Amino acid sequence: METQPRSGTTMILELSRVAPEDRTRVGVKAANQASLLRAGFPVPDGVVLTTDAYARFAARAADPEGTVDTDAAELRHLLRGVLANLGDTPLAVRSSGVAEDLPDASFAGQYETVLGVEGLDELEEAVRRSWTSALSAHATAYRDGHELGATSMAVLVQEMVDAETAGVAFTANPVTGRGQEVVINAVPGLGDKLVSGEVSPDQWVVRGEEARCEESPHAAINSEQAHAIAELAGRVEAHFDGPQDIEWAIAAGRLHLLQARPITALPEPAIEPIPVPVEVPPGFWFFDGSHGNSHVPIDRFLAELVRPCSTRWCGEFGYLFEGLEFRLIGGWPYQRMVPLGDRQGPTLPNWLMWLLVRTLPMLRRRIARALEATRSDLPGRYIERWYREWQPEMAETIERLRDVDLRGLSDQELLAHIEQARELMATGILIHMRVHGAMAPILHELVHTCEEVLGWDMARSMDLVSGTSYKSTEPARQLWELAELARSRPEVRSLLDYRGEDVLDRLETADGEFVERFSAYLHEYGCRALGHTTLGQVTLAEDPALVLGMISGQIERGYDPQQDLEDNARKRAEALGEAETLLAGRPEDLRRFRRAVERAEKAYPVREDNEFFCFSSPLALLRYAALELGRRLASRGMSDITDDVLYLDIDEAVNALLGEADLRSLVRRRRGEQAWIDAHPGPPSYGTPPPGPPSFGFLPSDARPLMESILWSNEVIMAVDESSREPGWPWSGLTGVAASPGEYTGPVRVVMDESQFDKVRPGDVLVCPATSPVWSVVFPVIGALVTDTGGLLSHPAIIAREYGIPAVVATGEGTTRLHDGELVIVNGTAGTVAGATRQGDASRSLSDGG
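**Examining the overall build of the protein chain**
- Within the protein chain, the regular secondary structure consists of 28 helices and 24 strands.
- When the 850 residues of the protein chain are sorted by exposure, 54% land in the buried category.
- In the protein chain, once contacts between residues fewer than 6 apart in sequence are set aside, the share between residues at least 24 apart is 69%.

Written out as structure tokens, the structure reads:
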């Protein structure tokens, strides 16, 4: 059947009559289906509304809102011909773009598919939706991003397969790139639930005669059916002479082929590791496990920014060491405390140290500086500078660089922008070190004062300042406002857990006000790098589906930020009231206590807040700039893909942009080295631990607290000894640092880095190596926290106290001993994690919030 208007253009073609030369009229999807049908594959019969129909009814009739308003009478006449050809049966209506299903642009998820269409009215609506999808914002952006031409759309209408089981199959492993290995996903019923991400599928891997089931939540297919699907997929691959992604369905025991497209962006097969020399510099080096994804090797692009020894701040305070030095050892981040003169000797007796600090010029200068810093209150002045000067200046620069249109910059302007981002990062590191050096004596003063005049331990003294890190909890509080908006809007709620790339378009259609406020949130809080050692991890702004999932989790969990604020305020008031009562008859101790609290209330929030401005945002800006540089290198044929830039040093990438070097061989070698690094994580430390610190009794009394505070601070932040303990066997529970009080029973969710945030479900016990402040968006959803590393002043400990959830840090082995779904009892008061033996415990804690 062919339908032609007076102009002679062809409006409808039977699928079986589509010829190879008709590709530009029927689109790639329909042309491929026709090719398979002619070759004898089990493709459902159908017809195609050609691009001539689109041109006549849709393209010139699209209104500014992106919908299609056609001549209804003429269109319905055309569609009656479709129904007459296919008969009275449910139909599947699929868009078939001329630029779709190409080797380098699949358009997967960009266009519309409507299943179960019956009757003229439903067919008309489905065709309109297909045409409209070609005009959507996300499809337009996809075309622009792949430098494709103008829209040209056909619509494929086929007999609907009433599937008992359906799914997809890849003739090459889409994760590893390995060929001769068919990966099959299967779900009961129709395959749209799989494509939309609504359900998790069964997964089979077929290699030769072996069919291995890796996941089977539904038992949708058996081994024999897996072999049949793999055989069908293999024949499609041979037909098109290249790796294919097919959609299939089984109905009444018969296997049907619904679609086939080339696999785009197929990764190269597993890279052959290239050994990296493990060169350990002199000194004692410990693994930098103080941030969320420090178990991930650091990017070369980023490495040079964090490597230098940070010395300036130590001299400003007069600390008796040079600073902290960061190095990559075997590709992994390590740090050490560099002694004065970079010489580590034995601990000397106090009488000899007393003599040295009064005779050696270097030591005399340091002690003099320490006395001056103490007497002039340099720590307090630096905290004031943070609020008055450093934080506002960092925020202004971040906002200015964030709003730059990188694509609109010339090469020279882009390189200048990268240099500004590098300078911002360097400035942020210096400020971070300065405020760290300032916080140490102030918080140490609070803890030491509470211990001496009240007999309190550190955990109790932290009650006096818990809940004051407002900046670290601000992103979650602002997200709560969006959750409150979504709570009362069913259309929005139904889309919060949708993971399709068109989620914002769907939300825009459902609720424009919500999308406007959500976009404003991403603009304000999304420029945050999720990891501290890699630019490869997307930011919050780049993953709106993740943020929407957090909103959904807040709603399900019943998160109430106001309640958290009130609980923390009450805890502070109770601790303060108790202390005031105990010290009522001791005016000198009371004055000392009040001074320590007043100073700590200003310093404590800076521990978390500075991370947003000094690390997270500068790293995000550097990521955006690096990816734009990488895009230009790839577009000019110097590398294969945008992310290749992360395997280069900054100077290598910059020099390549200015020249015409082919970077492919260098990137391949670096990828091989990275594969070896990934497979060979380093030990907790290298070198011989230095002798214990002196008692500092040789110092003038005014300088002693300053020196003691920095050693104390490093331990309560990193807890190196606890975090690096060797695993015990058999497992009978975990012990660590009691970081946030309370007890909670719930299921474990191991999250190794920020890319796995979408694993977290409301009520989970989050188990991770460590966290950074950006992880705070996850905390309203979880019930408890367990980390491998960290101390009482580590990021995870502080954030857990802000949200009032039990936390045990520095377990050393939480991520290796605990497994997803395992029920555990987290006691943040005792610092223990134990297996839960009673299901009732879990249900009680999950229902009442622990």
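Continuing now.
**Looking at the sheet that holds strand E23 (residues 823–827)**
- Spatial strand order, E17-E24-E23-E19-E20-E21-E22-E18: 8 strands in an open sheet with mixed pairing. The outermost strands of the open sheet, each flanked by one partner alone, are strand E17 (734–735) and strand E18 (737–740).
- Inspection of the sheet shows strand E19 (residues 743–750) paired to E23 by 5 bridges, in the antiparallel sense. Paired with Glu743 across the strands is Asn827, a residue of E23.
- Relative to the sheet, helix H26 (residues 795–803) contacts E18, strand E21 (784–787) and strand E22 (807–809), its axis offset from that of E18 by approximately 40°.

**Some details on the packing of aromatic side chains**
- Under the defined criterion, the tally for this structure stands at 14 aromatic pairs.
- Here Trp313 and Tyr319 contribute two aromatic rings whose centre-to-centre distance is 6.0 Å and whose plane-to-plane angle is 70°, an arrangement assigned as edge-to-face. Both residues of the pair, Trp313 and Tyr319, count as buried.
- Here a set of aromatic residues connected by ring pairs shows up, and it is made of Trp313, Phe317, Tyr319, Phe321, Tyr382 and Trp390.
- A cation over an aromatic ring shows up here: Arg460 above the ring of Trp456, its NZ or CZ 4.9 Å from the ring centre.

**Description of the pattern of salt bridges**
- This structure, assessed with the given rule, holds 49 salt bridges.
- Taking the shortest distance from any N to any O, the salt bridge between Arg460 and Asp463 comes out at 2.8 Å.
- Here the residues in one salt-bridge network are Arg407, Asp411, Glu628, Arg631, Arg632 and Arg636, joined through shared partners.

**Observations regarding the packing of helix H12 (residues 378–402) against helix H13 (residues 411–454)**
- Close contact between H12 and H13 brings their axes to 10 Å; oriented N to C, the two are set at 160°. One finds that H12 runs roughly antiparallel with respect to H13. Where H12 crosses over H13, the handedness of that crossing is left-handed.
- Class assignment of the residues belonging to the contact of H12 with H13 gives a composition of 16 nonpolar, 6 polar and 2 charged.

**Thoughts on the pairing of strand E11 (residues 244–251)**
- Within E11, 8 of the 8 residues are buried, which leaves it mostly tucked inside the rest of the structure.
- Here E11 shows two buried faces, one formed by Gln244, Ile246, Trp248 and Ile250 and the other by Asp245, Glu247, Ala249 and Ala251.
- Sheet analysis places strand E7 (residues 165–170) next to E11, joined by 6 bridges and oriented antiparallel. Within E11, the residue paired with Val168 across the bridge is Glu247.
- Taken together, the 8 bridges between E11 and strand E12 (residues 254–262) define a ladder with antiparallel strand orientation. If you follow Trp248 over to E12, its bridge partner there is Leu257.
- In this antiparallel pair of consecutive strands, E11 and E12, the connection spans 2 residues, and Ala252 shows a positive phi of 50°.

**Digging into helix H11 (residues 361–375)**
- Between the first and last C-alpha of H11 there are 21 Å, a value that for 15 residues agrees with the 21 Å anticipated at 1.5 Å per step.
- Looking one or two residues past H11, Asp377 carries a phi angle of roughly 55°, positive in sign.

**Overview of the environment of Gly536**
- Structurally, the position occupied by Gly536 is in the loop between helix H18 (512–525) and helix H19 (544–557).
- When its relative accessible area of 40% is taken as the criterion, Gly536 is described as partly exposed.
- Separated by 237 residues in the primary sequence, Gly536 and Asp299 have C-alpha atoms spaced 7.8 Å apart.

**A few points about the sheet that holds strand E13 (residues 285–287)**
- Spatial strand order, E14-E15-E13-E16: 4 strands in an open sheet with antiparallel pairing. Each having just a single partner strand, strand E14 (321–329) and strand E16 (685–686) make up the two edges of the open sheet.
- Inspection of the sheet shows E14 paired to strand E15 (residues 332–339) by 8 bridges, in the antiparallel sense. Bridge pairing links Leu328 to Pro333 in E15.

**A closer look at unusual backbone geometry**
- You will see that Ala219, though not glycine, has its phi angle at about 50°, which is positive.
- Relative to the helices and strands, Ala219 is located in the loop between strand E10 (210–215) and helix H7 (223–240).
- Classification of Ala219 by relative accessible area gives exposed; the value is 56%.
- Positioned with a positive phi, Ala810 is a non-glycine residue whose angle comes to about 60°.
- Relative to the helices and strands, Ala810 resides in the loop between E22 and helix H27 (814–817).
- Judged by relative accessible area, which is 0%, Ala810 ranks as buried.

**A few points about the packing of H18 against H19**
- H19 packs onto H18 with a crossing angle of 110° between their chain directions and a minimal axis gap of 12 Å. Taken together, the axis directions place H18 and H19 in an arrangement best described as roughly perpendicular. On H19, the residues touching Phe514, Phe518, Tyr521 and Leu522 of H18 are Pro544, Val547, Leu548 and Ile551.
- Here the residues of the contact of H18 with H19 are counted per class, giving 8 nonpolar, no polar and no charged.

**Thoughts on the environment of His432**
- Here His432 shows up in helix H13.
- Counting along the chain gives 179 residues from His432 to Glu611, while the straight-line C-alpha distance between them is 7.5 Å.
- Not counting the four nearest positions on each side in its chain, His432 is found in contact with Arg607, Asn610, Glu611, Cys614 and Phe615.
- A distance of 2.7 Å separates polar atoms of two side chains, one belonging to His432 and the other to Asn610.

**Digging into the side chain of Glu181**
- As for its position among the elements, Glu181 is in the loop between E7 and strand E8 (182–188).
- Overall, the relative accessible area of 4% leaves Glu181 in the buried class.
- Residues within four places of Glu181 in sequence aside, it is in contact with Phe170, Thr171, Ala172, Asn173, Thr176, Val205, Val206 and Arg207.

**Let's talk about helix H22 (residues 650–658)**
- Looking at H22, one finds that the buried residues are Ile650, Ala653, Val654, Ala656 and Leu657. Mapping the buried residues of H22 onto a view down its axis gives an arc of 160°, with all of them on the same face. Facing away from the buried side of H22 by more than 90 degrees, the exposed set consists of Asn655 and Leu658.

**Considerations on the nonpolar core**
- One finds Tyr319, Phe514, Ile551, Leu629 and Leu793 to be the most contacted residues of the largest nonpolar core, which totals 149 residues.
- Beyond its immediate stretch of four places on either side in the chain, Ile551 contacts Leu479, Leu482, Ala483, Ala486, Leu496, Phe514 and Phe518.
- Counting 33 residues, the second largest nonpolar core, distinct from the first, contains Leu15, Ala169, Ile246 and Leu255.

**Structural notes on the confidence of the model for the protein chain**
- Mean pLDDT for the protein chain: 82, with 84% of residues reaching 70 or above.
- Mean pLDDT per element in the protein chain: helix H28 (residues 839–848) is the minimum at 37, and H12 is the maximum at 96.
- This model gives residues 3–8 a pLDDT under 50, and the stretch forms 8 contacts once residues within four places in sequence are excluded.
- When the criterion is pLDDT under 50, residues 60–69 qualifies, and its contacts beyond four places in sequence or with other chains add up to 16 contacts.

**What to know about the environment of Cys213**
- Along the chain, Cys213 falls in strand E10.
- Separated by 10 residues in the primary sequence, Cys213 and Ser223 have C-alpha atoms spaced 8.0 Å apart.
- Setting aside chain neighbours within four positions, we find Cys213 in contact with Gln203 and Trp204.

The rules behind these values
- Residues numbered from 1 in each chain as written.
- Predicted model: local features only at pLDDT ≥ 70, side-chain atom pairs only at ≥ 80, totals over all residues.
- Heavy atoms only, no water.
- Helix = DSSP H or I, 4+ residues; strand = E, 2+ residues; numbered from the N terminus.
- Buried < 20%, exposed > 50% of the residue type's maximum accessible area, 1.4 Å probe, protein only.
- Contact = heavy atoms within 4.5 Å.
- Pairing = 2+ DSSP bridges.
- Axes fitted to C-alpha atoms, helices over the stretch in contact; angles between N-to-C directions.
- Phe/Tyr/Trp six-rings, centres within 6.5 Å; stacked < 30°, edge-to-face > 60°.
- Lys NZ or Arg CZ within 6 Å of the ring centre and 35° of its normal.
- Salt bridge = Lys/Arg side-chain N within 4 Å of Asp/Glu carboxyl O.
- Parallel < 35°, antiparallel > 145°, perpendicular 65-115°, else oblique.
- Left-handed = near helix turned anticlockwise from the far one by under 90°.
- Nonpolar A, V, L, I, M, F, W, Y, C, P; charged D, E, K, R; others polar.
- Expected span 1.5 Å × (residues − 1).
- Polar contact = N/O pair within 3.5 Å; in protein donor to acceptor, adjacent residues only side chain to side chain.
- Arc of directions from axis to C-beta.
- Core = buried A, V, L, I, M, F, W, Y, C linked by side-chain atoms within 4.5 Å.
- pLDDT = per-residue confidence, 0-100.

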